[in-house]
Structures are given as C-alpha cells and as structure tokens.
Amino acid sequence: MRGYLVAGNWKMNGSNAANRTLVQGIVAGAPAGESVQLLVCPPFPYLAAVSEMLGDSAVALGSQNISAHDSGAFTGETAGNMLRESGCQYAIVGHSERRALMGESSQNVADKFQAALKVGLKPILCVGETLEERESGQTDAVIDEQLNAVLDTAGVESFVDAVIAYEPVWAIGTGMTASPEQAQDVHRHIRAALEAQSESVAANIKILYGGSVKGDNAAGLFSKPDIDGGLIGGASLKSDDFLAIADAAASLESR
Ligand code: 13P
C-alpha cells in the first residue's frame, strides 16, 4: 500500500514564534490513521527546534536541500549527517527554484539524491517543466532528462527509499494549478519510466504533485491513480490550510 504523503515546503519563511504556532496546529489537527503521512520542511536554522516541537508526533521532518558532499571546505553548505542529527528523515532535492535560481544541474541533483540515501534520508526528487517547455511540447523530454540523470547515477533500486514530486514550474506560486488530468498524465509518464526498469519500484513509489495545491483542489488531484499526495508551498504556512489538504487526502480511499 502506497498511502498518501502531504509535505509542506516552507521555503524561506518562518520565525521561532510562527513555527511554534504552525507546528502546534498541525500536530493537534493531523488526521488520525496511517493512510496519510505528514511532513514539514522548514529552513535549515529551524530544523532542530522544529524537530523538538514535533516530539513523538507522527509528523515527519525534512530539509529543503542537502550538500552532495560529506564534510569539508564547503562554506554555507549542510551535509546529510548534519540533517540526520537535526532530526530529518527526508531531504528535498532539485526543487525548481534551486535549479533555476542557484543553477543546479540535473547531475548536481543526482549527486544530492545519492548523498541523502547514503545517510538514510529519503530524497524527494523534484522534476517539472516551464511553461515555455510545456507549450513547445517538451514536457516529457524535460522530465525524462531530470529523471534519467538520477536513474543513471543512482540506479532504479535507489528509488525504493525515495519520493518523486512533479512540480510544473508554471503552477508554482501562481495559483495556476495543473488540472488533475494534466498532472495525472505526467505522473503516469514518470511511473511508466520507472516501470520499464522495475515494476515493483514503480508500483510502490509515491509521486507527489506540487504547484498551487489548496484545500479545495487537493481531492481532485489526489484521487487520480498516480498522484500520491502533494508538495505544498504557500498553503503549508497556515495550519488550517495545510490540514485542509491533509484532510482531503484522508477522505480518499487509501491505496
Ligand atoms: P505553491 O504551493 O506555493 O505553489 O508551491 C509549490 C512548491 O514549490 C512546493 O515545493
């Protein structure tokens, strides 16, 4: 059973006070049962404090990035073992903001994916096309390039302990959500690419959708057969908004 994962990517938002209110709200209102896993990904300086706040709740903790290196002269970078020691179980890699704004290549992302696995963190590999790429019919080719870099570097079996997030760049922070059908088409494409190498990996991996997910569009997206939850930006910063998305997942039959 794959179950659902609803993950909050806080991006560069938060403060000690705001985080406390947000985490308390999420922990108090998290849907009961095991069909929906919740995850929060705060900025680095808050990881340890948020880990403490989460305590023994079932809400998991993840980072928004990870260094490809173990340790050493990499000023400003954070290694996987440090993230583990700060309480993380997941690490987002290859978010489109990092690919576009920080110049991360698909090979950089593949190296980070491996670095996460090496220390027992589950990487959440983000892939997605820009509007220009979609409009020129390149969506599948862009996804293939981003996915193949990781498959070639880490191998299909490495996806046993990974999550993929399809985040069309044009839908991030724009209010322009992909329709459930548009998202499902790409999710199916991703699962089929994995299926070609391993049926069991493809059947078990969670593929999240990200891009303007809200309480009122989540159920439509998550009810599609290849959409296993969401990577949520703006709507992860208020517990009521985030929990509305979690509740949408919990209302669906788990699979
Ligand atoms: P929004 O939900 O704000 O569109 O952001 C999505 C995202 O980038 C999550 O990683």
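Placed above this text is the structure.
Bear in mind that the values here come from a model prediction, so they are computed numbers and not experimental data.

An account of the packing of helix α1 (residues 16-29) against helix α11 (residues 239-250) is needed here, citing residue identities and associated values.
The interhelical angle for the contact between α1 and α11, taken along N-to-C directions, is 30°, at an axis separation of 9 Å. Taken together, the axis directions place α1 and α11 in an arrangement best described as roughly parallel. Read as a crossing pair, α1 and α11 show a hand that is right-handed. Along the contact surface, α1 presents Leu22, Gly25, Ile26 and Gly29, while α11 presents Ser239, Phe242 and Leu243. Split into classes, the residues belonging to the contact of α1 with α11 amount to 4 nonpolar, 3 polar and no charged.

Quick rundown of the site of the ligand? Include the residues and the values.
Near the ligand there are 13 residues, and of these Lys11, His95, Gly173, Ser212 and Gly234 occur at the shortest range. Here His95 contributes a side-chain N or O atom positioned 2.8 Å from an oxygen atom of the ligand. Its residues assigned to classes, the shell around the ligand shows 4 nonpolar, 7 polar and 2 charged.

An account of the pairing of strand β6 (residues 163-166) is requested, with residue identities and associated values reported.
Covered by surrounding structure in β6 are Val163 and Ala165 together with Ile164 and Tyr166, the residues of both alternating faces. Relative to β6, strand β5 (residues 122-127) runs parallel, the two being bridged by 4 bridges. Opposite Ile124, over in β6, you have Val163 as the bridge partner. In this structure, β6 lies alongside strand β7 (residues 206-210), joined through 4 bridges in parallel fashion. Bridging from a neighbouring strand, Ile164 pairs with Ile207 of β7.

Thresholds applied
- Residues numbered from 1 in each chain as written.
- Predicted model: local features only at pLDDT ≥ 70, side-chain atom pairs only at ≥ 80, totals over all residues.
- Heavy atoms only, no water.
- Axes fitted to C-alpha atoms, helices over the stretch in contact; angles between N-to-C directions.
- Helix = DSSP H or I, 4+ residues; strand = E, 2+ residues; numbered from the N terminus.
- Parallel < 35°, antiparallel > 145°, perpendicular 65-115°, else oblique.
- Left-handed = near helix turned anticlockwise from the far one by under 90°.
- Contact = heavy atoms within 4.5 Å.
- Nonpolar A, V, L, I, M, F, W, Y, C, P; charged D, E, K, R; others polar.
- Near = heavy atom within 4 Å.
- Polar contact = N/O pair within 3.5 Å; in protein donor to acceptor, adjacent residues only side chain to side chain.
- Buried < 20%, exposed > 50% of the residue type's maximum accessible area, 1.4 Å probe, protein only.
- Pairing = 2+ DSSP bridges.

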